[in-house]
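Report on the structure
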Amino acid sequence: MSTATSPRALEHPTRDQIGLEGVLHALSDAVRLRIVRDLAREAEALSCSYFDLPVTKSTTTHHFRVLRESGVIRQTYQGTAKLNALRKEALDALFPGLLDSVLAAAEAQAARREDEGA
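**Overview of the overall build of the chain**
What the chain contains, in helices and strands, is 5 helices and 3 strands. Listing each helix as α and each strand as β along the chain from the N terminus yields α-α-β-α-β-β-α-α. A principal-axis box enclosing the C-alpha atoms of the chain has dimensions of 50 × 30 × 20 Å. A sequence separation of at least 24 residues applies to 60% of the contacts in the chain between residues at least 6 apart. Surface exposure of the chain reaches about 7,100 Å², of which carbon and sulfur atoms provide 51%. Of the side-chain charges in the chain, 15 are positive and 16 negative, and the distance between the mean point of each set is 6 Å.

Structure follows, in structure tokens:
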């Protein structure tokens, strides 16, 4: 892992440290996949408070940590807000097509679930 330079700096894996197993694990959880879908759709860094997740604050923190430590997202502080950005460029370079395929499959699944509920 890269090292933090200040108390407010968060550790992130370098691009070369990102492993397929960690990425797949991070994307295998429904809440984390929802976070990634939102980040991909908005295509900009979003604060943690943007996400309306069906879990406690501590569980939300855990999900963001898993995404950060696996290399799926980058978190930075801007004032008192922690911003989250998808590391799409790094993921696409390391695992071409993986993120797009997972996101497309997640969208298709969401559409099926909406159709079943209608």
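**Here's the deal with helix H1 (residues 20–27)**
By the burial criterion, the buried members of H1 are Val23, Ala26 and Leu27. Buried positions in H1, seen along its axis, are confined to an arc of 95° and lie on one side of it. Packing partners of the buried residues in H1 comprise helix H2 (30–42), helix H3 (57–70), helix H4 (88–94) and helix H5 (98–117).

**Section: the pairing of strand E3 (residues 81–86)**
Where a strand is regular, its side chains alternate between the two sheet faces. Sheet analysis places strand E1 (residues 46–47) next to E3, joined by 2 bridges and oriented antiparallel. In the strand pairing of E3, Ser47 is matched with Leu83. Strand direction decides the pairing type here: strand E2 (residues 73–78) and E3, joined by 6 bridges, are antiparallel. Counted as the bridge partner of Ile73 is Leu86 from E3. The hairpin turn running from E2 into E3, its antiparallel successor, is 2 residues long, and Gly79 in that turn takes a positive phi close to 65°.

**So, the pattern of salt bridges**
Here the structure, examined in full by the defined rule, presents 6 salt bridges. Residue Arg41 pairs with Glu42 through a salt bridge whose shortest N-O separation is 3.8 Å. Where salt bridges share partners, they join Asp38, Arg41 and Glu42 into one cluster.

Calculation notes
- Residues numbered from 1 in each chain as written.
- Predicted model: local features only at pLDDT ≥ 70, side-chain atom pairs only at ≥ 80, totals over all residues.
- Heavy atoms only, no water.
- Helix = DSSP H or I, 4+ residues; strand = E, 2+ residues; numbered from the N terminus.
- Contact = heavy atoms within 4.5 Å.
- Areas by Shrake-Rupley, 256 points an atom, 1.4 Å probe, with all protein chains shown as cover.
- Lys, Arg positive; Asp, Glu negative; His and termini not counted.
- Charge placed at Lys NZ, Arg CZ, Asp CG, Glu CD.
- Buried < 20%, exposed > 50% of the residue type's maximum accessible area, 1.4 Å probe, protein only.
- Arc of directions from axis to C-beta.
- Pairing = 2+ DSSP bridges.
- Salt bridge = Lys/Arg side-chain N within 4 Å of Asp/Glu carboxyl O.

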